[in-house]
Amino acid sequence: MMMNIITLVVLPFLAVATTAIPVQKCSHVNSAAMLMKEIANEETTCIALAPGRYLTQAGINITRTLRLQGTHSEQTILDGKDNGGYAVVTVWKDARVSLLDLTITGGNNKVIQYPENCASGVQNLGGVLILDRCVVEGNNNQAYGGGVANVLGQLTIANSKVLRNTAGEEGGGLYVEGGVNITEGETEIYNSTISYNSAQAGGGISSLAHLTIVNTTISYNNATGRFMNNEGEGGGVWNTCHMAEDPGNILTLINSTVANNTAALGGGISVFAGKAIITATMVYGNSAVIDPGIRVHQYFHDGQRQTDSSLELHGDSGLFNNMYAGRYP
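Description of the structure in this document. Values in this document were obtained by computation on a predicted structure and should not be read as measured data.

This paragraph deals with the overall build of the protein. Summing up its helical and strand segments, the protein has two helices and 40 strands in all. The burial tally for the protein puts 57% of its 329 residues in the buried class. Long-range pairs, those at least 24 residues apart, make up 77% of the contacts in the protein with a sequence separation of at least 6. Taken as a whole, the protein presents about 13,500 Å² of accessible surface, with 53% of it coming from carbon and sulfur.

This part is about a nonpolar patch on the surface. There is a patch of nonpolar side chains on the surface, built from Val296, Leu311, Leu313 and Leu319 and spanning about 290 Å² of accessible area. Note on placement: Leu319 falls in strand β39 (residues 318-320).

Further remarks concern helix α2 (residues 32-40). Residues of α2 that are buried: Leu35, Glu38 and Ile39. Looking down the long axis of α2, one finds its buried residues gathered within 100° of arc, a one-sided arrangement. For α2, the exposed residues lying more than 90 degrees away from the buried face are Ala33, Lys37 and Ala40. Those residues of α2 hidden inside the fold are in contact with β1 (27-29), β2 (46-49), β3 (52-55), β4 (60-62), β5 (66-69) and β6 (76-79).

Our next topic: the packing of aromatic side chains. Enumeration over the complete set of coordinates arrives at two aromatic pairs. A centroid spacing of 5.2 Å and a plane angle of 5° characterise the contact between Tyr196 and Tyr220, whose relative ring orientation is stacked. Here Tyr196, found in the loop between β21 (193-195) and β22 (198-199), pairs with Tyr220, found in the loop between β25 (217-219) and β26 (222-223); they are 24 residues apart in sequence, far enough to count as distant. Overall, the relative accessible area of 42% leaves Tyr220 in the partly exposed class. One Lys or Arg, Arg164, reaches over the ring of Tyr196 and ends 5.1 Å from the middle of that ring.

Turning our attention to the state of the cysteines. One pass over the structure, following the stated rule, counts one disulfide. Across the disulfide, Cys26 is cross-linked to Cys46 (sulfur-sulfur distance 1.8 Å). An S-S torsion of about 45° defines the bridge between Cys26 and Cys46 as right-handed. Here Cys26 is found in the loop between α1 (2-18) and β1, whereas its partner Cys46 is found in strand β2, with 20 residues between them in sequence. Note on Cys26: relative accessible area 18%, which makes it buried.

Now for the pattern of salt bridges. One pass over the full model with this rule turns up six salt bridges. The salt bridge partner of Arg164 is Glu137, with a shortest N-O separation of 3.0 Å. Pair noted here: Arg164 is in the loop between β17 (161-163) and β18 (166-167) and Glu137 is in strand β13 (residues 135-137), with a separation of 27 residues, a long-range link. By relative accessible area, Glu137 is classed as partly exposed at 26%. Counted as one network, the salt bridges with shared partners bring together Asp101, Asp132 and Arg133.

Neighbouring strands of a sheet are bound in pairs by backbone hydrogen bonds; such pairs are parallel or else antiparallel. The strand order across the open sheet formed by eleven strands is β1-β2-β5-β8-β12-β16-β20-β24-β28-β32-β38, and the pairing between neighbours is parallel. Strand pairing shows two members of the sheet lacking a second neighbour, β1 and β38 (310-314), which therefore form its edges. For this sheet, the mean inter-axis angle between neighbouring strands, taken without regard to orientation, is 10°. Contacts between α2 and the sheet are confined to β1, β2 and β5, with β1 contributing the most and set at about 155° to the helix.

Along the chain, the position of Val258 falls in strand β29 (residues 257-259). Exposure remark for Val258: the relative accessible area of 0% places this residue in the buried category. As for Val258 and Leu319, which are separated by 61 residues in sequence, their C-alpha atoms are 9.6 Å apart. Excluding residues that lie within four positions of it along the chain, Val258 makes contacts with Ile218, Leu253, Gly268, Ile269, Met282, Val283, Tyr284 and Asn286.

Taken in spatial order, the nine strands make up an open sheet running β4-β7-β11-β15-β19-β23-β27-β31-β35, and their pairing is parallel. Here the strands that pair on one side only, and so sit at the sheet edges, are β4 and β35 (294-297). Strand-to-strand twist of the sheet, defined as the mean angle between neighbouring strand axes without regard to direction, takes the value 10°. Sheet analysis places strand β11 (residues 122-125) next to strand β15 (residues 148-151), joined by four bridges and oriented parallel.

Turning our eyes to something else, we now look at the side chain of Gln69. Residue position: Gln69 is located in strand β5. Take Gln69: its relative accessible area is 15%, and that puts it in the buried class. In this structure Gln69 touches Ile47, Ala48, Leu49, Leu100, Asp101 and Arg133, once residues within four positions along its chain are discounted.

Attention now moves to the pairing of strand β19 (residues 174-177). Working note: regular strand, side chains alternate between the two faces of the sheet. Alternating residues of β19 divide into Leu174 and Val176 and Tyr175 and Glu177, and every residue in both groups is buried. Sheet topology places β15 next to β19; four bridges connect them, and they run parallel. When the sheet's bridge partners are listed, Val151 is paired in β19 with Glu177. In this structure, β19 lies alongside strand β23 (residues 205-208), joined through four bridges in parallel fashion. Following the sheet pairing, Leu174 is matched in β23 by Ile205.

Basis of the calculations
Residues numbered from 1 in each chain as written. Predicted model: local features only at pLDDT ≥ 70, side-chain atom pairs only at ≥ 80, totals over all residues. Heavy atoms only, no water. Helix = DSSP H or I, 4+ residues; strand = E, 2+ residues; numbered from the N terminus. Buried < 20%, exposed > 50% of the residue type's maximum accessible area, 1.4 Å probe, protein only. Contact = heavy atoms within 4.5 Å. Areas by Shrake-Rupley, 256 points an atom, 1.4 Å probe, with all protein chains shown as cover. Patch = residues over 30% accessible without salt bridge, like charges linked within 9 Å, V, L, I, M, F, W, Y side chains within 5 Å. Salt bridge = Lys/Arg side-chain N within 4 Å of Asp/Glu carboxyl O. Arc of directions from axis to C-beta. Phe/Tyr/Trp six-rings, centres within 6.5 Å; stacked < 30°, edge-to-face > 60°. Lys NZ or Arg CZ within 6 Å of the ring centre and 35° of its normal. Disulfide = S-S within 2.5 Å. Pairing = 2+ DSSP bridges. Axes fitted to C-alpha atoms, helices over the stretch in contact; angles between N-to-C directions.

In structure tokens, the structure reads:
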């Protein structure tokens, strides 16, 4: 059943994104110096990385159509080596990029600058990005998106793992932000795992744009905040928006699991000024002071409701064994 889903849902995205990157034109590299040289070469559209650890302290910046193909995520590693000022990989506006069979780790972005430093692992700033069969693990950002950030771009994550990343503010694993155009910031996740990430809000995922999640496990993430300024919302997923100027974003969960996440508010999922459509998804074993499973609430300003929030449950979705835990000081 899993292979059928991958064939029908994921492969069309990969085929469309990679048809302009002929395999026969791949440049083969086996060192960080060779990798950076090929990235700088505007004629290179595909780079095949031999097994090894590639130290990328200065960050990889991609501004064109490019495919980075590793051997296997356990064997081909892009390592920011705790660089302190850059994401390991940055995809810039209008670029079309595929990252395949790679581990991306060691990003430790300590420079709070929007949007250039919205993630420490991989950040997509207005491009089209596919992550397939990748592991994004062990990255830390002072503000947004410890592992991955998608700001005003289009992102597809497939068959991948986002693990043990941290953010000082929002989106420990993944931070998504959109704009006026509904395709800006649009993100799709298939057959993946988002686990053991943490942030003040949105321990696993913080989304300010349309987000679709299919056949994915979101587990053991933690929103560490203590209720001030919406901190501590959404241990697994926090779906929110740009307050009154935004009509709200749609979170779609299909055939997925949201389990064992923790937060002050909304241990599994928190929907703040947006809409969640949940189908054939289990939400269980999450914990919070208020609403351990799913929290749905509106944004008010001066006593006036500014935005609506809503929740739709379909199919065999279920909420069970979610626990109230702790209290506010």
